[in-house]
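Here's the letter readout for the chains.
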Amino acid sequence: MLPKSSMPFTRRTSLTACAMSLAFFATFATAERSFAAVCENHPDVGWLLKPNDPPPSDEIAIRKLLARYHWALDDHRSLQLEDLFDDKVVYELCNAAGDQLTMANDSGKLKSYLGLYFASFDQSGTQPRHIESNTLLNAIDANTVEGKSTVVVTLQHSDIETPVLDYTGELRTEFKKVGNAWRFSRITLITDGPRLQLRAR
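Being a predicted model, the structure only gives us computed values, none of them experimental.

A separate point is the overall build of the chain. Secondary structure summary: the chain contains three helices and six strands in total. Classification of the 201 residues of the chain by burial places 45% in the buried group. A separation of at least 24 residues holds for 64% of the contacts in the chain among residues at least 6 apart in sequence. Per element, the accessible surface of the chain, about 10500 Å² overall, is 55% carbon and sulfur.

Below is the structure:
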């Protein structure tokens, strides 16, 4: 990523304002927890070590759900979040050191948090791209599946020709079957860096 000193003043100003908005929501969403909260799905704890493939029809539906989620983040459109999350979905953003930086514990709070994220990119004119790969799935039972993916996120700023790397990380997921449809019941994003300096989610 470009050094901060090389960023145009207007972009630095808008990104700073957006970061302050996201930080405010994170503070609101985590007001009942201590400042140095520990990631519940800690990076040091093994996750999905022995995959057990779900039935093909369920696997196709879950992979489509992952793709829809990442397209919603790229397109920054709240309408694309509909029907993705269980009502009691748990979302946490953690760093490699195991610090929990953000937590939202129902679909309403998560959509509000992502809405601020979407507004920040609309304001700055920056285009994120989420690249998900190496996805493994583990069927716990007929209605529960765990997932693990590698994520790479780039940012395309309006004043440069090529995108820059925002972060790499691990996406740990849990899916629940609600009726005949799969929904996210847990999302844990763990960035590979011990310190968080990212724009996208």
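After that view of the structure, there is still more to cover.
Before going further, it helps to spend a moment on the pairing of strand β5 (residues 164-178). Sheet topology note: the strand β4 (residues 144-156)/β5 ladder contains twelve bridges and is antiparallel. Looking across to β5, one finds that Gly147 is bridged to Thr173. Here β5 pairs with strand β6 (residues 181-191) via ten bridges, running antiparallel. Within β6, the residue paired with Phe175 across the bridge is Phe184. From the end of β5 to the start of β6, which pair antiparallel, there are two residues, and Gly179 there has a positive phi angle of about 70°.

Moving on: the packing of helix α2 (residues 56-75) against helix α3 (residues 107-124). The N-to-C vectors of α2 and α3 enclose an angle of 45°; their axes lie 9 Å apart at closest approach. With respect to α3, the axis of α2 lies oblique. Contacts between α2 and α3 involve Tyr69, Ala72 and Leu73 on the former and, on the latter, Leu114, Tyr117 and Phe118. Among the residues making up the contact of α2 with α3, the classes are represented as six nonpolar, no polar and no charged.

We now examine the nonpolar core. With 33 residues, the main nonpolar core has Tyr69, Phe85, Tyr91, Leu110, Leu114, Phe175 and Phe184 as its most contacted residues. Setting aside residues up to four positions removed in sequence, Leu114 forms contacts with Tyr69, Leu73, Leu81 and Phe85.

The subject of this paragraph is the pattern of salt bridges. Counting across every chain of the model gives seven salt bridges. Between Arg63 and Glu59 there is a salt bridge whose closest N-O contact spans 3.0 Å. On the criterion of helical spacing, the pair formed by Arg63 and Glu59 is a turn pair, its members being four residues apart in helix α2. A relative accessible area of 36% means that Arg63 is categorised as partly exposed. Judged by its relative accessible area of 21%, Glu59 falls in the partly exposed class.

Moving on, we get to the side chain of Gln100. For Gln100, the location among the structural elements is in strand β2 (residues 100-104). Among the polar contacts listed, one links the side chain of Gln100 to the side chain of Glu92, at a separation of 2.7 Å.

Turning next to the pairing of β6. For β6, the buried fraction is high: ten of the eleven residues fall into the buried class. Both strand β1 (residues 85-94) and β6 contribute to a ladder of six bridges, which runs parallel. Pairing of Tyr91 across the sheet is with Ile187, part of β6.

Time to look at α2. An ideal rise of 1.5 Å per residue puts 28 Å on 20 residues; α2 measures up with 28 Å between its terminal C-alpha atoms. Listing the buried residues of α2 in full gives Asp58, Ile62, Leu65, Leu66, Tyr69, His70, Ala72, Leu73 and Asp74. Looking at the buried side of α2, the elements it contacts are β1, α3, β3 (127-141), β4, β5 and β6.

Time to look at the sheet that holds β3. Here six strands make up an open sheet; going across it, the order is β2-β1-β6-β5-β4-β3 and the pairing mixed. Two strands in the sheet have a free side with no partner beyond their single neighbour: β2 and β3. Strand-to-strand twist in this sheet, taken as the mean axis angle between neighbours without regard to direction, amounts to 20°. Contacts from α2 reach β1, β3, β4, β5 and β6, with the element oriented near 155° to β3. Each of β1, β2, β3 and β4 is contacted by α3, which is oriented at about 55° to β1, the strand it contacts most.

Cut-offs and rules
- Residues numbered from 1 in each chain as written.
- Predicted model: local features only at pLDDT ≥ 70, side-chain atom pairs only at ≥ 80, totals over all residues.
- Heavy atoms only, no water.
- Helix = DSSP H or I, 4+ residues; strand = E, 2+ residues; numbered from the N terminus.
- Buried < 20%, exposed > 50% of the residue type's maximum accessible area, 1.4 Å probe, protein only.
- Contact = heavy atoms within 4.5 Å.
- Areas by Shrake-Rupley, 256 points an atom, 1.4 Å probe, with all protein chains shown as cover.
- Pairing = 2+ DSSP bridges.
- Axes fitted to C-alpha atoms, helices over the stretch in contact; angles between N-to-C directions.
- Parallel < 35°, antiparallel > 145°, perpendicular 65-115°, else oblique.
- Nonpolar A, V, L, I, M, F, W, Y, C, P; charged D, E, K, R; others polar.
- Core = buried A, V, L, I, M, F, W, Y, C linked by side-chain atoms within 4.5 Å.
- Salt bridge = Lys/Arg side-chain N within 4 Å of Asp/Glu carboxyl O.
- Polar contact = N/O pair within 3.5 Å; in protein donor to acceptor, adjacent residues only side chain to side chain.
- Expected span 1.5 Å × (residues − 1).

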